[in-house]
Amino acid sequence: MSTVRKVRRLKKVPDGPVGQLASALRRSRAALGLTQAQAADAIDKSTSTVQRAEAGAVVPKKCVIDGYVAKLGLDPQEARLLYENATRSPGRQRRPLTPAPHPRMVSTAEELGRALARAWEEDNRPSMQTMEDRVGAIRDADEGRKRFAFLSRSAAYRISHRQQLPSSVEQLRAYLYACQVKERRFPVWIRAYHRVKAKEHQEATVKQTTEGEERRRWRGWEGRRQATEIMLGAGLRPTEPFPGSVTAPWAAQCVTCGLLGRFRLSAVMQGNGCRECAVPPP
């Protein structure tokens, strides 16, 4: 004689933010193979409380969500975003996120800045004090000071608002940790950081080389003679020796109106001469 086992099926959760939160609670409990009664014991709540939380009809209390995170393996970042969506009023719109590429696609400082700002926004924009406290806690742990730099509130603000990039890999780790980015994702961010720094170094080298070539061009008697001819051609008579750089101020007198001033050779080469003579008559 066969025995038919009756299996109690959970009702399908409703659609919407509250239903998505309830589904996440169910998945975290099911992943551990626990019944609702066992889950209730684990988080120190009643079975009816767990049943209501997983039914998706009402938003569970925050303490229930925290219990699933602490005892039943619910991802904290997922829980925070789902709870925020579930408790947001229908008329309230979430602030738009900064458009940013995935860290794998980052190649410039501007792109990295946008990606770091977005990481902060995706963590629901924690306060600067919260970010400093999070990093301070991990730095107090073993080996924490070697892997994570101190992250002040001012540094957290400047990075999250795209005013500066992290000053080191250790500060990058600290910022990501403060934004609750999973540590398994740190390597892709660190590679992006190294790409950006390598490009900045390359651009600085090219600029330094270009500036060096420019200085050599205007060095010596021939450079001084050429610079003087350019100034005279623009109606400006130098009153001091050429400073040796096209961007350095150079004292000269306008041969037309007699104005004494300081002019940059680079500006004169672009057609910017005496400001008085350049003003059209009334």
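Residues numbered from 1 in each chain as written. Predicted model: local features only at pLDDT ≥ 70, side-chain atom pairs only at ≥ 80, totals over all residues. Heavy atoms only, no water.

### Brief notes about the state of the cysteines
Alright, step 1. One pass over the full model with this rule turns up zero disulfides.
Alright, step 2. Here Cys277 is not cross-linked by a disulfide; its sulfur's nearest cysteine counterpart is in Cys254, at 3.5 Å.
Alright, step 3. The class of Cys277 is partly exposed, set by a relative accessible area of 39%. (Disulfide = S-S within 2.5 Å. Buried < 20%, exposed > 50% of the residue type's maximum accessible area, 1.4 Å probe, protein only.)

### Thoughts on the pairing of strand β3 (residues 260-264)
Alright, step 1. What you see with β3 is a clean split: Gly261 and Phe263 sit on the buried side and Leu260, Arg262 and Arg264 on the side with no burial.
Alright, step 2. One ladder, built from five bridges, connects strand β2 (residues 249-254) with β3; its direction is antiparallel. Bridge pairing in β3 links Pro249 to Arg264.
Alright, step 3. The turn linking β2 back onto β3 is made up of five residues, and Gly258 within it adopts a positive phi angle of 80 degrees. (Helix = DSSP H or I, 4+ residues; strand = E, 2+ residues; numbered from the N terminus. Pairing = 2+ DSSP bridges.)

### A look at the pattern of salt bridges
Alright, step 1. In this structure the tally under the stated criterion is 15 salt bridges.
Alright, step 2. Salt-bridge contacts for Glu110 lead to Arg114; the nearest nitrogen and oxygen are separated by 2.7 Å. On the criterion of helical spacing, the pair formed by Glu110 and Arg114 is a turn pair, its members being four residues apart in helix α6 (residues 109-122).
Alright, step 3. On the basis of relative accessible area, Arg114 is assigned to the buried category, the value being 18%.
Alright, step 4. In this structure, Arg153 engages Glu132 in a salt bridge whose closest nitrogen and oxygen atoms are separated by 3.6 Å. Here Glu132 lies in helix α7 (residues 128-139) and Arg153 lies in helix α9 (residues 153-160), a separation of 21 residues in the sequence.
Alright, step 5. Note on Arg153: relative accessible area 45%, which makes it partly exposed.
Alright, step 6. Here the residues in one salt-bridge network are Arg80, Asp123 and Arg134, joined through shared partners. (Salt bridge = Lys/Arg side-chain N within 4 Å of Asp/Glu carboxyl O.)

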